[in-house]
Amino acid sequence: MEKSRTITDTVRRATPAKPSIDGLDPDTAATVQALYDTGVDGRKGLFSAEWADRLREDIEVAYAEALTRPGGAVGRGTKRHYVEIHPEQMRGWLELVDHPWVRSVCEAVLGPDYQIIELGFDVPNPGAKDQPWHRDFPMPEETKETGRLTSLAFNVTAVDTDEDMGPFEIAPTTQWDLPDDFDHEMFPQKHLYERFAELAVRKYPQRGDVSVRSALTIHRGTANTSEKARPVLVLGVDAPGAGNAEHHDMAVTHGFYDSLPERVKEHLVCPVVDELVPITQKHTIEGLMMGDA
Ligand SMILES: O=C(O)CCC(=O)C(=O)O
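Notes on the structure in this doc start here. Given the structure is predicted, the values throughout are model-derived calculations rather than measurements.

How each quantity is defined
- By convention here, each chain's residues receive numbers from 1 onward along its written sequence.
- In keeping with the model being predicted, local features are shown solely for residues with a pLDDT of at least 70 and side-chain atom pairs are shown and tallied solely at 80 or more, while totals for entire chains, interfaces and linings include all residues.
- For helices the rule is a DSSP run of H or I covering at least 4 residues; for strands it is a run of E covering at least 2, with both sets numbered from the N terminus onward.
- When we talk radius of gyration, it's over C-alpha atoms, and the globule rule is simply 2.2 Å times the number of residues to the 0.38.
- Using C-beta atoms placed from the backbone, we call a residue buried if 20 or more other C-beta atoms fall within 10 Å of its own, exposed if 12 or fewer do, and partly exposed for counts in between.
- Remark: residues whose backbone-derived C-beta atoms lie within 7 Å of one another are considered to be in contact.
- By this definition, two strands are paired if DSSP reports at least two bridges between them.
- Under this scheme, a helix contributes an axis fitted over its contacting stretch, all axes are lines through C-alpha atoms, and angles between N-to-C directions fall in the 0 to 180 degree range.
- Using a C-beta atom placed from the backbone, a residue is described as near a molecule or strand when that atom lies within 6 Å of it.
- Each residue gets one of three labels, nonpolar for Ala, Val, Leu, Ile, Met, Phe, Trp, Tyr, Cys and Pro, charged for Asp, Glu, Lys and Arg, and polar for the others, Gly among them.
- Note that the term roughly parallel is reserved for angles under 35 degrees, roughly antiparallel for angles over 145, roughly perpendicular for angles of 65 to 115, and oblique for everything else.
- We call a crossing left-handed when the near helix sits turned anticlockwise from the far one by less than a right angle, and right-handed when that turn is clockwise.

## As for the overall build of the protein
Within the protein one finds 10 helices and 12 strands. Taken over C-alpha atoms, the radius of gyration comes to 19 Å for the protein, in line with the 19 Å a tight globule of 293 residues would show. Dimensions along the principal axes, computed over C-alpha positions, put the protein at roughly 70 × 45 × 30 Å. Burial statistics for the protein: of 293 residues in total, 41% are counted as buried. Of the contacts formed within the protein by residues at least 6 apart in sequence, a portion of 85% connects residues at least 24 apart.

Written as structure tokens, this is what we have:
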């Protein structure tokens, strides 16, 4: 009997490259493989709950400041914002970017000259609605043609996630979907939602957990029906030439830069300045605004 065709059978996809995992420690190799297979991976308890509590405090300060000025926080849909910050605005930045798993995953996927290009946070507040399924930016030509991933997004929750807090939802394997008829090359058409719903996995990270994904793996924040916000940090890392740095305004002061180990300095391509200027957001995702944020 002939098998009926599913939506998945009809979706055109890039052919993933075979990532080289020779010589990698098993933990890093598992993450590299997962990023190419499902497009997302994570580690429980990479940091302590207290570390995450400090992150939440720093996010709350930065969020309050960003909301006082035009362009400080960008809408990402009803009751949701994204705020880009400088590394010095969070106490644990060095521990995050210098964590052995973070470093080795970046190096294995993006090469030895990977670039730390973005730091920010999403805040889905009480009343936030389901976002449309989306990518964070269009699929680069290199990924279309060679099946190689050229950027990564690490997510770090600042609170324990419960079911009613609008968990992050992701559709594994969709990092390879070609953007046929996607709006802005980032928003798939609604008839594909059934496929994403079938693939979807909801994530319930707890304080101290860290995940990593391709920003191309199709995902969305879901409706937050609780009374609590669900702030989550985003650390963006690129392969050289991936081109996302130009959308961001991260900077560090001379004193901070000088205090960093060489192995971290090597991956910073941002300006080193006398004084930090609060960031006015450049990276809007128009399709997420839905006119109401
Ligand atoms: O809700 C989240 O954790 C992520 C939200 C998101 O994907 C976005 O605003 O682009």
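Let's pick the thread back up.
## Here's the deal with the sheet that holds strand 1 (residues 40-43)
Spatially, the seven strands line up as an open sheet ordered 1-8-5-10-4-3-2, and their pairing is antiparallel. Every other strand in the sheet has two partners, leaving strand 1 and strand 2 (74-75) as the edge strands with one partner each. Direction of pairing for strand 5 (residues 151-157) relative to strand 8 (residues 210-213): antiparallel, over a ladder of four bridges. The residue bridging Phe 154 from the neighbouring strand is Val 212, located in strand 8. The strands touched by helix 2 (residues 26-37) within the sheet are strand 1 and strand 8, with strand 1 carrying the most contacts at an inclination of about 150°. Helix-sheet contacts for helix 3 (residues 49-66) involve strand 3 (80-84), strand 4 (115-124), strand 5 and strand 10 (232-238), and the interaxial angle to strand 3 is about 95°.

## Quick word on the site of the ligand
Of all residues adjacent to the ligand, which total 11 residues, the nearest are Arg 76, Asp 122, Phe 168, Gly 221 and Val 232. Put simply, the parts of the chain that give the shell around the ligand at least two residues each are strand 4 and strand 9 (219-221). For the shell around the ligand, the per-class residue count stands at six nonpolar, two polar and three charged.

## Some points on the packing of helix 2 against helix 5 (residues 100-110)
One can describe the packing of helix 2 onto helix 5 by two numbers: an axis separation of 9 Å at closest approach and a directional angle of 50°. Comparing the axis directions of helix 2 and helix 5 gives the class oblique. Note that helix 2 runs across helix 5; the crossing there is right-handed. Taken together, the residues of helix 5 that come into contact with helix 2 (itself represented by Asp 27, Thr 28, Thr 31, Val 32 and Leu 35) are Trp 101, Ser 104, Val 105, Ala 108 and Val 109. Class assignment of the residues belonging to the contact of helix 2 with helix 5 gives a composition of six nonpolar, three polar and one charged.

## Quick word on the environment of Pro 140
With respect to the secondary-structure elements, Pro 140 resides in the loop between strand 4 and helix 6 (141-146). Residues Pro 140 and Ser 151, spaced 11 residues apart in sequence, show a C-alpha to C-alpha distance of 9.7 Å. Apart from the residues lying within four places of it in its own chain, the contact partners of Pro 140 are Thr 150 and Ala 242.

## Remarks on unusual backbone geometry
Despite not being glycine, Asp 181 shows a phi value in the positive range, around 65°. When you line up the elements, Asp 181 lands in the loop between strand 6 (168-170) and helix 7 (193-199). For Glu 185, which is not a glycine, the phi torsion comes out positive at approximately 60°. As for its placement among the helices and strands, Glu 185 is situated in the loop between strand 6 and helix 7.

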